[in-house]
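Analysis of the macromolecular model
Listed below are the residues making up each chain.
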Amino acid sequence: MPDDALFELASQGGLNEPGVIEAQVERMLADPKSRALAENFAGQWLYTRALTEELVKDPETYPDFTTVLREDMRTEMELLIAAVIEEGRGLDELFTSKETFVNDRLAAYYGLPPVGTDEFVRVSLEGTPRRGLLTSGGLMSVLAHPNVTSPVKRGHWVVAQLLCIEPPPPPPDAETTVDPSFDEGPMRERLAKHREDPACAACHELMDPVGLAFEHYDGMGAWREMEGPYDIDPSGTLPIGGDFEDALQMVELIATSDEFSHCVAEKVLLYGLGRGVENYDDDIIGEAAEAFSASGYQLETLIVGLATSDNFRMRRGEAQ
């Protein structure tokens, strides 16, 4: 709901001026109420809202995955998102940040030194195999099956949510269950056999190499050196081009790509307008993405670029 200042400006016709809109965007982002943006936009884009009681793990496979730990994971994600936005850091740091927020339970889960409290404390991730949200326990848990990892889910999420490449849906008879045992070989080999089916190959060639980069993070996001008796190979190639040796290198490639900037602009416009993106939105998305990248991935720059556009300010069919 707009506040009194916005209602007053609207009544005076002031919100037709791009300079006024820009000033109001800056004012609102500086307001503590902007935390709602972090919670709602991130819940839609980054899946924090999926960390609910509906997310369960097989207790025999993952006995350490408790309700309390799940809530800690969600809090960690929300605090990192809020810190990046409120501190004016580039949105690329959502995925490349070398710090996070933990309490003693989450510190133990990550193998970090205890912080001495149940409250959340900002800590460094230097020297650990984690950066930002993509390797967080929360997101890795959401993007997995109850009893085994899911490179397909993880790969699909990355290409769809961060690169805006939407693979077509699987065939109606596609097998989506995964054998949690190691009888059929490591996950990489099993997915390679799966791609031999022409009906599956096109989609899985986009998703599988990306998802396999996260195989060091088990089905509840905990680090593992081996996949049962097998070595893990986290290397691969992105669908936008670029080879990587592991998940951290892959994250850096994504967060500095033109495709990422364009995708974030598209996601913010989708959130702001509450409608699907249309062909006539392409130009403003492209312009906003360029400014967003040039600004060091500043959310304020992106919102200003979109909020001052005709696409945002005018109804469809209005005179320009």
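Since we're looking at a predicted model, the values are computed, not measured.

This brings us to the overall build of the protein chain. When you go through the protein chain residue by residue, the secondary structure sums to 15 helices and six strands. Looking at the 320 residues of the protein chain, the share that counts as buried comes to 45%. In the protein chain, 64% of the contacts between residues at least 6 apart in sequence involve partners at least 24 apart.

Under the 1.5 Å per step criterion, the end-to-end length of helix α13 (residues 282-294) is 18 Å for 13 residues, consistent within 8% with the ideal 18 Å. Gly296 sits one or two positions beyond α13 and adopts a positive phi of about 80°.

Of note, Glu290 is situated in helix α13. You can call Glu290 exposed: its relative accessible area is 62%. Sequence spacing of Glu290 and His262 is 28 residues, and the spatial spacing of their C-alpha atoms is 7.8 Å.

Inspection of the secondary structure puts Arg154 in helix α8 (residues 151-162). Within the buried set, Arg154 has no salt-bridge partner at all; the shortest N-O distance to an opposite charge, 4.4 Å, is to Glu215. What Arg154 contacts, discounting residues up to four positions off in sequence, is Met140, Leu143, Ala144, Thr149, Gly211, Phe214, Glu215, Tyr217, Asp218 and Gly219.

Note on placement: Ser97 falls in the loop between α5 (93-96) and β1 (99-102). With sequence-adjacent residues up to four places away left out, Ser97 is seen in contact with Leu80, Arg89, Leu125, Arg131 and Gly132.

Note: most peptide bonds trans; most residues except glycine with negative phi. Even without being a glycine, Tyr47 presents a positive backbone phi close to 70°. Tracing the sequence through the fold places Tyr47 in the loop between α3 (35-45) and α4 (67-86). A positive phi angle, close to 55°, is found at Cys164, a residue other than glycine. The exposure class of Cys164 is partly exposed, given its relative accessible area of 27%.

For the coordinates displayed, the defined rule picks out seven aromatic pairs. Summarising the aromatic geometry, the rings of Trp45 and Phe95 are spaced 6.0 Å apart at their centres and angled 80° between planes, so their arrangement reads as edge-to-face. Of the two residues, Trp45 is situated in helix α3 and Phe95 in helix α5; the sequence distance between them amounts to 50 residues. Residue classification places Trp45 among the buried residues on the basis of a relative accessible area of 2%. We classify Phe95 as buried; its relative accessible area is 2%. Pairwise contacts between aromatic rings join Trp45, Phe95, Phe260, Phe292 and Tyr297 into one cluster.

The next point concerns the pattern of salt bridges. All chains considered together, the criterion is met by 13 salt bridges. Where Arg89 meets Glu93, a salt bridge forms, and the shortest distance between an N and an O atom there is 3.0 Å. Its relative accessible area of 26% is what places Glu93 among the partly exposed residues. Here the salt bridges do not stand alone but share partners, grouping Glu87, Arg89, Glu93, Glu99 and Arg122 into one network.

On to the nonpolar core, then. As a rule of thumb, soluble globular proteins bury nonpolar side chains together. Grouped together as the largest cluster of nonpolar side chains are 68 residues, with contacts concentrated most on Leu46, Leu94, Phe95, Leu134 and Leu162. In terms of residue count, the dominant contributor to this core is α4 (eight residues). Contact partners of Phe95, with chain neighbours within four places excluded, come to Trp45, Leu46, Arg131, Gly132, Leu133, Leu134, Leu162, Val251 and Phe260.

Our next topic: the state of the cysteines. The final tally for this structure, using the stated rule, is one disulfide. What pairs with Cys164 in a disulfide is Cys263, and their sulfur atoms sit 2.1 Å apart. The S-S bond linking Cys164 to Cys263 shows a torsion near 80°; that makes this disulfide right-handed. Of the two residues, Cys164 is situated in the loop between α8 and α9 (187-194) and Cys263 in helix α12 (residues 258-273); the sequence distance between them amounts to 99 residues.

Turning to a negative patch on the surface, a few remarks are in order. Together, Asp258, Glu259, Asp282, Asp283, Glu287 and Glu290 make up a region of like negative charge exposed at the surface. Among the elements of the structure, α12 and α13 are those that each provide at least two residues to the negative patch. A per-element tally of the negative patch places α13 first, with four residues.

This brings us to the packing of α13 against helix α14 (residues 299-307). A pair of packed helices can be characterised by two numbers: the angle between their axes and the separation between those axes. Following both chains from N to C, one finds α13 and α14 inclined at 155°, their axes separated by 9 Å at the closest point. With respect to α14, the element α13 is oriented roughly antiparallel. The two elements α13 and α14 cross, and the hand of that crossing is right-handed. Taken together, the residues of α14 that come into contact with α13 (itself represented by Ile284, Ala288, Ala291 and Phe292) are Leu299, Thr301, Leu302, Gly305 and Leu306. Of the residues assigned to the contact of α13 with α14, the class counts are seven nonpolar, two polar and no charged.

What counts and what doesn't
Residues numbered from 1 in each chain as written. Predicted model: local features only at pLDDT ≥ 70, side-chain atom pairs only at ≥ 80, totals over all residues. Heavy atoms only, no water. Helix = DSSP H or I, 4+ residues; strand = E, 2+ residues; numbered from the N terminus. Buried < 20%, exposed > 50% of the residue type's maximum accessible area, 1.4 Å probe, protein only. Contact = heavy atoms within 4.5 Å. Expected span 1.5 Å × (residues − 1). Lys, Arg positive; Asp, Glu negative; His and termini not counted. Salt bridge = Lys/Arg side-chain N within 4 Å of Asp/Glu carboxyl O. Phe/Tyr/Trp six-rings, centres within 6.5 Å; stacked < 30°, edge-to-face > 60°. Core = buried A, V, L, I, M, F, W, Y, C linked by side-chain atoms within 4.5 Å. Disulfide = S-S within 2.5 Å. Patch = residues over 30% accessible without salt bridge, like charges linked within 9 Å, V, L, I, M, F, W, Y side chains within 5 Å. Areas by Shrake-Rupley, 256 points an atom, 1.4 Å probe, with all protein chains shown as cover. Charge placed at Lys NZ, Arg CZ, Asp CG, Glu CD. Axes fitted to C-alpha atoms, helices over the stretch in contact; angles between N-to-C directions. Parallel < 35°, antiparallel > 145°, perpendicular 65-115°, else oblique. Left-handed = near helix turned anticlockwise from the far one by under 90°. Nonpolar A, V, L, I, M, F, W, Y, C, P; charged D, E, K, R; others polar.

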